[in-house]
Amino acid sequence: GLPDMDGWEVLHRLKGNPATQSIPILIVTAREHGQVGLSLGAVDWLVKPVDPQRLIAALQRCRELGAPKRTLRILVVDDEPVVLEALEALLRQEGHQVLMAEDGEVAIRLAQAERPDIILLDLHLPGLSGFEVVNRLRQMPELAAIPVIAFSGKFVSPEERSLLTQQAVQFVGKYGPVALSRLLDDLRKISVVEN
């Protein structure tokens with residue numbers, strides 16, 4: 001019902017153009033013929049007046065479908081070479097760029113030089129601990145906003161978890177399929193967030 005061009009024609013042109021065909025399209029119409037748009041590639045259709053909850057759900061589906069995955073530059077910090085290599089292989093397989101550090105001092109220098117999108121940080125490092133790394137990062141204006149996901153194969157006390165939460169650090173266990181699956185899910189969500 002657009003004044004200058006039929007909405008179906010707009011949908012057809014957008015889906016036929018390689019530059020725009022991956023953009024999710026949501027049809028909002030006063031007519032009951034919105035299902036035609038589904039066959040032309042629309043994600044969903046809503047009839048006016050639009051139910052707000054249905055609109056929000058449809059927009060969420062659009063966001064999930066249309067958000068392009070972006071390559072993240074991930075700094076992985078762990079003193080165990082085997083863990084570093086395994087995480088590097090896994091993250092590269094997911095399409096991310098991986099920077100690696102075996103201790104806290106190197107991690108901070110790399111973060112300053114490379115400005116990673118996210119830091120995966122072992123809490124129990126020799127020398128400068130992961131907790132100290134987070135504290136120093138949060139004091140540097142240029143690095144303070146970098147998301148940090150901390151992990152540990154050792155016990156992390158409730159007080160330590162509380163400290164991590166206060167510093168906006170997410171915590172996952174270091175070992176096991178559940179921890180790995182959760183880490184990958186978190187990274188996938190981050191990789192589709194708009195810049």
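This is a predicted model, so every value here is computed, not measured.

What follows deals with the environment of Asp44. Its location among the elements puts Asp44 in strand S2 (residues 44–47). When the C-alpha atoms of Asp44 and Pro24 are compared, they prove to be 9.1 Å apart, with 20 residues separating the residues in sequence.

A few words now on the pairing of strand S1 (residues 26–29). Going residue by residue along S1, you find Ile27 and Thr29 tucked away on one face and Leu26 and Val28 left uncovered on the opposite face. One ladder, built from four bridges, connects S1 with S2; its direction is parallel. Paired with Val28 across the bridge in S2 is Leu46.

Moving on to the confidence of the model for the protein. Any segment with low pLDDT has predicted coordinates that should not be analysed in fine detail. With 69% of its residues at a pLDDT of 70 or more, the protein has an overall mean of 77. When mean pLDDT is taken per element in the protein, helix H5 (residues 104–114) scores highest with 96 and helix H2 (residues 35–39) scores lowest with 57.

Ranked by internal contacts, the top residues of the largest apolar core, which has 18 residues, are Leu75, Val77, Ile119, Leu121 and Leu137. Mapped by element, the contributors of at least two residues to this core are strand S3 (73–77), strand S4 (97–101), H5, strand S5 (118–122) and helix H6 (130–138). By size, the runner-up hydrophobic cluster in this structure holds 12 residues, among which are Leu72, Leu91, Val98 and Ile118.

Here we take up the environment of His96. Relative to the elements of secondary structure, His96 occurs in the loop between helix H4 (81–93) and S4. His96 sits 22 residues away from Ile74 along the chain, and the two C-alpha atoms are 7.1 Å apart. Within polar-contact distance, the side chain of His96 engages the backbone nitrogen of Leu72 at 3.1 Å.

According to the stated counting rule, one finds three salt bridges in the structure shown. When the shortest N-O distance is used, the salt bridge between Arg13 and Glu9 registers 2.9 Å. Taken together, the positions of Arg13 and Glu9, both in helix H1 (residues 7–16) and four residues apart, correspond to about one turn of that helix. The closest approach of N and O atoms between Glu105 and Arg136, which form a salt bridge, is 3.3 Å. A residue pair is termed long-range when its members are at least 10 positions apart, and Glu105 in helix H5 and Arg136 in helix H6 qualify at 31 residues. A relative accessible area of 35% means that Glu105 is categorised as partly exposed. A relative accessible area of 29% places Arg136 in the partly exposed class.

Reading the values: the criteria
- Residues numbered from 1 in each chain as written.
- Predicted model: local features only at pLDDT ≥ 70, side-chain atom pairs only at ≥ 80, totals over all residues.
- Heavy atoms only, no water.
- Helix = DSSP H or I, 4+ residues; strand = E, 2+ residues; numbered from the N terminus.
- Buried < 20%, exposed > 50% of the residue type's maximum accessible area, 1.4 Å probe, protein only.
- Pairing = 2+ DSSP bridges.
- pLDDT = per-residue confidence, 0-100.
- Core = buried A, V, L, I, M, F, W, Y, C linked by side-chain atoms within 4.5 Å.
- Polar contact = N/O pair within 3.5 Å; in protein donor to acceptor, adjacent residues only side chain to side chain.
- Salt bridge = Lys/Arg side-chain N within 4 Å of Asp/Glu carboxyl O.

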